[in-house]
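This is what each chain is made of:
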Amino acid sequence: RFWRTAWDLDEPFEQTIVPHPAVNLVVQADASITVTGVQRGNDERLLKGCGWALGALFRPGGFRAVHDVPMSTLVDQRLPAQELFGDDATTLARTVVDAPSIEQALAAFSEFLRARVPEHRTPGESIAELLEATAREDPPVTRAAVLAARMSVSPRTLQRLFAEHVGVGPKWVLDRYRVHAVAAQAQAPPTSWSEVAQRLGYADQAHLTSDFGATFGMPPAAYARAELDDHGD
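So, a few notes on the structure that sits alongside this text.

1. Describing the pattern of salt bridges
Two side chains that carry opposite charge are able to pair once their charged atoms sit near each other.
Thought 1: One pass over the full model with this rule turns up 13 salt bridges.
Thought 2: In this structure, the salt-bridge partner of Asp76 is Arg40, at a minimum N-O distance of 2.6 Å. Of the two residues, Asp76 is situated in the loop between strand S6 (50-57) and strand S7 (78-80) and Arg40 in the loop between strand S4 (33-36) and strand S5 (43-47); the sequence distance between them amounts to 36 residues.
Thought 3: Between Arg94 and Asp98 there is a salt bridge whose closest N-O contact spans 3.4 Å. With Arg94 and Asp98 both in helix H2 (residues 87-98) and four residues apart, the pair spans about one turn of that helix.
Thought 4: Classification of Arg94 by relative accessible area gives partly exposed; the value is 41%.
Thought 5: Each of Asp43, Arg45 and Arg78 takes part in a single network of salt bridges with overlapping partners.

2. Focus: the packing of H2 against helix H3 (residues 102-114)
Thought 1: Two elements in contact, H2 and H3, have axes whose closest approach is 9 Å; the angle formed by their N-to-C orientations is 160 degrees. The angle between H2 and H3 places the two elements in the roughly antiparallel class. H3 is crossed by H2, and the crossing has right-handed handedness. Touching Asp88, Ala89, Leu92, Thr95 and Val96 of H2 are Ala105, Ala108, Phe109 and Phe112, all from H3.
Thought 2: Counted by class, the contact of H2 with H3 contains seven nonpolar, one polar and one charged residues.

3. Here's the deal with the environment of Ala133
Thought 1: Among the secondary structure elements, Ala133 is positioned in helix H4 (residues 123-135).
Thought 2: In sequence terms Ala133 and Val26 are 107 residues apart; their C-alpha atoms lie 26 Å from each other.

4. A few points about the nonpolar core
One broad rule of soluble globular proteins: the nonpolar side chains tend to lie buried together.
Thought 1: Within the largest apolar cluster, 28 residues are counted, with the highest numbers of intra-cluster contacts made by Leu25, Val35, Phe63, Phe85 and Phe109.
Thought 2: Here this core takes five residues from H3, the largest share from any one element.
Thought 3: In this structure, Phe63 is in contact with Val23, Val35, Phe58, Val69, Met71, Leu74, Leu84 and Phe85, ignoring residues within four places of it in sequence.
Thought 4: Judged by nonpolar contacts, the second largest core, of 17 residues, contains Leu147, Val166, Val168 and Tyr177.

5. Some details on H2
Thought 1: Taking 1.5 Å of rise per residue, the twelve residues of H2 would be expected to cover 16 Å, and the 17 Å separating its terminal C-alpha atoms lies within 8% of that figure.
Thought 2: For H2, the elements touching its buried residues are strand S3 (24-28), S4, S6, helix H1 (82-85) and H3.

6. A word on unusual backbone geometry
Thought 1: With an omega of 5 degrees, the peptide bond running from Asp138 to Pro139 counts as cis.
Thought 2: By the secondary structure assignment, Pro139 is in the loop between H4 and helix H5 (144-151).
Thought 3: Its identity is not glycine, yet Asp76 carries a phi of approximately 65 degrees, on the positive side.
Thought 4: Residue Asp76 is classed as partly exposed on the basis of its relative accessible area of 31%.

7. Side note on the environment of Ser32
Thought 1: Of note, Ser32 is situated in the loop between S3 and S4.
Thought 2: You can call Ser32 partly exposed: its relative accessible area is 27%.
Thought 3: It is 9.5 Å that separates the C-alpha atoms of Ser32 and Val97, two residues lying 65 residues apart in sequence.
Thought 4: In terms of polar contacts, Ser32 uses its side chain to reach the side chain of Asp30, at 2.7 Å.

8. Description of the packing of aromatic side chains
Thought 1: Summed over all chains, the structure comprises seven aromatic pairs.
Thought 2: With a centroid separation of 6.1 Å and 80 degrees between ring planes, the pair formed by Phe63 and Phe85 is classed as edge-to-face. Placement of Phe63 in the loop between S6 and S7 and of Phe85 in helix H1 is noted, with a sequence separation of 22 residues between them. Side by side, Phe63 and Phe85 carry an identical accessibility label, which is buried.

Here is what the cut-offs are and how they apply
- Residues numbered from 1 in each chain as written.
- Predicted model: local features only at pLDDT ≥ 70, side-chain atom pairs only at ≥ 80, totals over all residues.
- Heavy atoms only, no water.
- Salt bridge = Lys/Arg side-chain N within 4 Å of Asp/Glu carboxyl O.
- Helix = DSSP H or I, 4+ residues; strand = E, 2+ residues; numbered from the N terminus.
- Buried < 20%, exposed > 50% of the residue type's maximum accessible area, 1.4 Å probe, protein only.
- Axes fitted to C-alpha atoms, helices over the stretch in contact; angles between N-to-C directions.
- Parallel < 35°, antiparallel > 145°, perpendicular 65-115°, else oblique.
- Left-handed = near helix turned anticlockwise from the far one by under 90°.
- Contact = heavy atoms within 4.5 Å.
- Nonpolar A, V, L, I, M, F, W, Y, C, P; charged D, E, K, R; others polar.
- Core = buried A, V, L, I, M, F, W, Y, C linked by side-chain atoms within 4.5 Å.
- Expected span 1.5 Å × (residues − 1).
- Polar contact = N/O pair within 3.5 Å; in protein donor to acceptor, adjacent residues only side chain to side chain.
- Phe/Tyr/Trp six-rings, centres within 6.5 Å; stacked < 30°, edge-to-face > 60°.

Below is the structure:
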């Protein structure tokens, strides 16, 4: 999917993002263009003055379809897109920046990506579809062996496929999906976090709190209060 963000700040602001297990291709207002691989830690960015960014967030396993690079080599990396796409990346960035409308910018972005998608189906597509279905399940899948069984491959083969097409292991992806599911619960705080822990497959509430705090930097109850404050409730 495509996303866009813009800012106009009187003072610098440090933005913290807990990334999804996917690759981003991002153009910024200064015509820079970057590829960001799967980030295992939080993404910290200092925003200053005025600016904007327009990005394409790939499905987990999707980026390998537009560039034949092992995704494990991009983990925790942010690099100029020219290193992967050459001068075409520079042309895309300038086209996006100079586009008279967001619709035309997105059209240029889409054309750039479609021209690189192979006609044949890739293993990454199968992984993406499997993970999308998994992410909708309630309670969530927590064991990589379940994914291996659904793909009809051995756990070892699944590990290799994830390294090549996602960049990180299947267990890491499932754990990241689960902690995002906890964050989603904070949008409408539950009456019992222990019940949430049980439904999401944590050993107990302490396990949920520890896992969430290690990723988001605060307990889920505090995160929920912050979300309410941000929305003026």
